[in-house]
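# Chain and residue survey
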Amino acid sequence: MLYSIVSTDVTNSLPLRKAARPAHLERLQHLQREGRLVLAGPNPAIDSADPGDAGFTGSLIIAEFACLEDASAWADADPYVAAGVYATVTVKPFKQVFPQ
């Protein structure tokens, strides 16, 4: 089943994000290689694809996991969590309707 992982950053998270980004991306690439990643990306803090020093306010990941517990455990083990990037992380089942 698909799950959405919606994370909200702490204030001024950009330096923390930069430090943990390689390990964070490796985990996402692993999901992608397994064919389980639907989409992933950050929410820019300003209306720009490249927010520069403004940074980001959170992230969205939609991926396939066997169950909610597995999705939650995966989210809890994110390097961004360990680095203190996220203030909150919410994991919920997700039903994709579009695109088909």
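Please refer to the structure higher up on the page.
Just so we're clear, the structure is a prediction, and the values are computed from it rather than from any experiment. (Residues numbered from 1 in each chain as written. Predicted model: local features only at pLDDT ≥ 70, side-chain atom pairs only at ≥ 80, totals over all residues. Heavy atoms only, no water.)

### Quick look at the pattern of salt bridges
We count it as follows: A side-chain nitrogen of Lys or Arg and a carboxyl oxygen of Asp or Glu constitute a salt bridge if their distance falls within 4 Å. Three exposure classes are used, based on accessible area relative to the maximum for each residue type with a 1.4 Å probe and protein chains only: buried under 20%, partly exposed in between, and exposed over 50%.
Under the definition given, this model contains three salt bridges. The salt bridge partner of Arg 17 is Asp 9, with a shortest N-O separation of 2.7 Å. When its relative accessible area of 9% is taken as the criterion, Asp 9 is described as buried.

### Quick look at the layout of surface pockets
The test is simple: Of the grid points, spaced at 1 Å and generated over the protein atoms alone, those admitting a 1.4 Å probe that cannot get out make up cavities, while open sets with protein on both sides within 12 Å along at least five of seven lines make up pockets; any residue with an atom within 4 Å of a point is treated as lining. Grid points are joined across faces, edges and corners, and a volume is the space filled by probe spheres set on the points. Strands are runs of DSSP state E lasting at least two residues, helices are runs of H or I lasting at least four, and both sets are numbered from the N terminus onward. Residues are sorted three ways: Asp, Glu, Lys and Arg are charged, Ala, Val, Leu, Ile, Met, Phe, Trp, Tyr, Cys and Pro are nonpolar, and all the rest, Gly among them, are polar.
Computed from the structure, the largest pocket encloses a volume of approximately 230 Å³. Around the largest pocket sit 15 residues that line it, and Arg 17, Arg 21, Leu 25, Pro 42 and Tyr 80 are the ones nearest its centre. Secondary structure elements with two or more residues in the lining of the largest pocket: α1 (14-33), β2 (37-44) and β3 (56-64). Take the lining of the largest pocket: its biggest share by element is seven residues, from α1. Residues of the lining of the largest pocket, tallied by class, amount to nine nonpolar, three polar and three charged.

Keep in mind these numbers describe shape, not what the thing actually does.
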